[in-house]
Amino acid sequence: MIILGIETSCDETGASVVKDGKRVLSNVVASSQEMHIKTGGIIPEQAARQQIKSILPVINQAIADGLRSTDYGKTKIDAIAVTVGPGLIGSLLVGVETAKTLSYLWKKPIIPVNHLVAHIYANWLDEKITLRAGGSTSRWPKFPLIALVVSGGHTDMVYMKGRGEIKLIGTTRDDAAGECFDKCARILGLPYPGGPAIAQKATEYLKLKTKNKLQMFPRPMIESDDFDFSFSGLKTAVLRTAQKTKNIQHRIPEVAAEIQEAIVDVLVEKTLRAVRRYKPKSLLLGGGVSANDRLREKFELGIMNYELGVKLFIPQPKLCTDNAAVIASCAFFNNKPAPWQKVSANPEVTITNS
Ligand code: KG4
Ligand code: ZN
């Protein structure tokens, strides 16, 4: 089954062609990041305007790359999948209305997709392999599983007994992990998006560092006996440090490494505790923050050191951040088409109510 995925929940415009939920035939992402770097963050209205300009060329490119066709390859597409939420309303509408129009014109089913659930499906995508007939499934995640979705707006830990059986076991009480990276970067005068900017500075520092422990900032809720998170206190601690440190500009790599370490420690520690409690077969990461090298490294080390016997899955970095391949994959595995008239954007949807 060939699905055209469309993703416009935040500032990216993505389109992708995916076969059988796993094989990425094309994955095109246009970003308006340049524009947001200038403003230090996303201006929703501007993001949506840019997406209106990008959406058709991006879809066209995805079909040309994936299906080697210029006639929109429409005859080969079996269904259209689109993010309906959560996200910015103006941005979501661009993708949803385009998908509905194509569904009507091409007479193809449309499958609405929850963006947060879709991040988990990055773990079923593989751009390099060709699926063998009746191919082995051992390389794919097994249920029950725990997934940690860490993005710009969400930090959700879920337990999944099977597909579509999603139970929220932990979430953030205030800022999301990605939001914390972004806000701390802003405090330090680093560009948007803050996660990659902080990670880059942190790497510079970690290469040179002489001291052993990074412990400048608190690890909020790391000891609490639940799986919830809180990152706004950390952001405040960073702000205070920035205000009272003379010549903070000379210490940016060190402070960046400290911020990264604090966020990563909490995410890893609490997730591994959930693994001990729930004993899943697989542990999956997804969302933009899971592109972070230090996070990936610490999860790998943690699983090995504690001998947890769980298989860890982390998507390749470009599948962690927003893209439409995960939307198409999620639609394949949760194939619930809807009449186009009934599909609408829902910015408030959560990971469990799709
Ligand atoms: O999943 P995503 O692309 O978009 C949302 O659904 O929000 O996540 C974006 C978030 C941003 O907060 C960005 O700063 C963060 O992911 N991010 C990172 C890295 N790459 C992206 N955070 C830490 N390290 C990275 N390498
Ligand atoms: Zn996302």
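Quick caveat: nothing in here was measured; it's all calculated off a predicted structure.

Draft legend 1. Looking closely at the site of ligand 1. For ligand 1, the set of nearby residues contains 19 residues, the closest of which are His119, Gly152, Asp182, Gly195 and Gly288. In this structure, an oxygen atom belonging to ligand 1 sits 2.8 Å away from a main-chain N or O atom of Gly152. Within the contact set of ligand 1, an oxygen atom lies 2.9 Å away from a backbone nitrogen or oxygen of Gly195. Here ligand 1, which alone exposes 550 Å², has 88% of that area covered by the protein. When residues of the shell around ligand 1 are traced back to their parent elements, those giving at least two are α4 (115–120), α5 (177–188) and α6 (194–208). Residue composition of the shell around ligand 1, grouped by class: five nonpolar, 12 polar and two charged.

Draft legend 2. Examining the coordination of the zinc ion (ligand 2) more closely. Taken together, the protein donors to the zinc ion (ligand 2) comprise His115 (NE2), His119 (NE2) and Asp322 (OD), at separations of 2.0 to 2.1 Å. Written as a sequence motif, the donor residues of the zinc ion (ligand 2) are H-x3-H-x202-D. With His115 and His119 both in helix α4 and four residues apart, this pair spans about one turn of that helix.

Draft legend 3. Quick peek at the packing of aromatic side chains. Inspection of the entire model under this criterion finds nine aromatic pairs. A ring pair is formed by Tyr104 and Trp340, whose centres lie 5.5 Å apart and whose planes are at 70°; its orientation type is edge-to-face. Of the two residues, Tyr104 is situated in helix α3 (residues 89–106) and Trp340 in the segment after α11 (325–333); the sequence distance between them amounts to 236 residues. Take Tyr104: its relative accessible area is 53%, and that puts it in the exposed class. The interplanar angle of 20° and the centroid separation of 5.7 Å between the aromatic rings of Tyr121 and Phe333 together place this pair among those described as stacked. Residue Tyr121 is found in the loop between α4 and β6 (145–150), and its partner Phe333 is found in helix α11; the two are separated by 212 residues along the sequence. Using a relative accessible area of 0% as the deciding quantity, one classes Tyr121 as buried.

Draft legend 4. Quick peek at the environment of Leu214. Within the fold, Leu214 resides in the loop between α6 and α7 (232–244). In this structure Leu214 comes out as buried when scored by relative accessible area, which is 9%. Between the C-alpha atoms of Leu214 and Phe299, which are 85 residues apart in sequence, the distance is 17 Å. Residue contacts for Leu214: discarding those within four places in its chain leaves Tyr205, Leu206, Arg219, Ala257, Glu258 and Glu261.

Draft legend 5. Quick peek at unusual backbone geometry. Gly85 connects to Pro86 through a cis peptide bond whose omega is -5°. Secondary-structure assignment places Pro86 in the loop between β4 (79–85) and α3. For Lys107, which is not glycine, the phi torsion reads 55° and is therefore positive. Along the chain, Lys107 falls in the loop between α3 and β5 (110–114). By relative accessible area, which is 72% here, Lys107 ends up exposed. We note that Lys279 has phi near 50°; this positive angle belongs to a residue other than glycine. Within the secondary structure, Lys279 sits in the loop between α8 (252–278) and β9 (282–286).

Quick notes on the rules
Starting from 1, residues in each chain are numbered consecutively following that chain's sequence as written. All chains are assigned letters beginning at A, and all ligands numbers beginning at 1, according to the order in which they are written. Local features are withheld for residues below a pLDDT of 70 in this predicted model, meaning they are given only at 70 or higher, and side-chain atom pairs are given and counted only at 80 or more; totals for whole chains, interfaces and linings count all residues. Excluded from the side-chain calculations are hydrogens and water; all other atoms, namely the structure's heavy atoms, are used. Nearness here has a simple test: a residue counts as near a molecule or strand if at least one of its heavy atoms is within 4 Å of that partner. Identification of polar contacts relies on pairs of N or O atoms within 3.5 Å, with a donor-acceptor requirement for protein atoms, meaning one able to donate a hydrogen and the other able to accept it, and with residues adjacent in sequence counted only if both atoms are side-chain atoms. Accessible surface area values rest on a Shrake-Rupley calculation with a 1.4 Å probe, where residue burial reflects the displayed protein chains alone. Under the scheme used here, helices are H or I runs from DSSP no shorter than 4 residues and strands are E runs no shorter than 2 residues, and both carry numbers assigned from the N terminus. Note that Gly is not counted as nonpolar here; it falls among the polar residues with everything else outside the nonpolar set of Ala, Val, Leu, Ile, Met, Phe, Trp, Tyr, Cys and Pro and the charged set of Asp, Glu, Lys and Arg. Here a donor is an N, O or S atom found within 2.8 Å of the metal, or within 3.2 Å if the metal is Na, K or Ca; sites may look incomplete because water is not among the atoms. Note on ring pairs: Phe, Tyr and Trp rings are taken, using the six-membered ring of Trp, and paired if centres are within 6.5 Å. Classes follow the plane angle, with under 30 degrees stacked, over 60 edge-to-face and the rest tilted. Burial classes: relative accessible area under 20% of the type maximum marks a residue as buried, over 50% as exposed, and values in between as partly exposed (1.4 Å probe, protein chains only). Contacts between residues were defined by any pair of non-hydrogen atoms, one from each residue, lying within 4.5 Å.

Interpretation note: all reported values are geometric properties and have no functional meaning in isolation.
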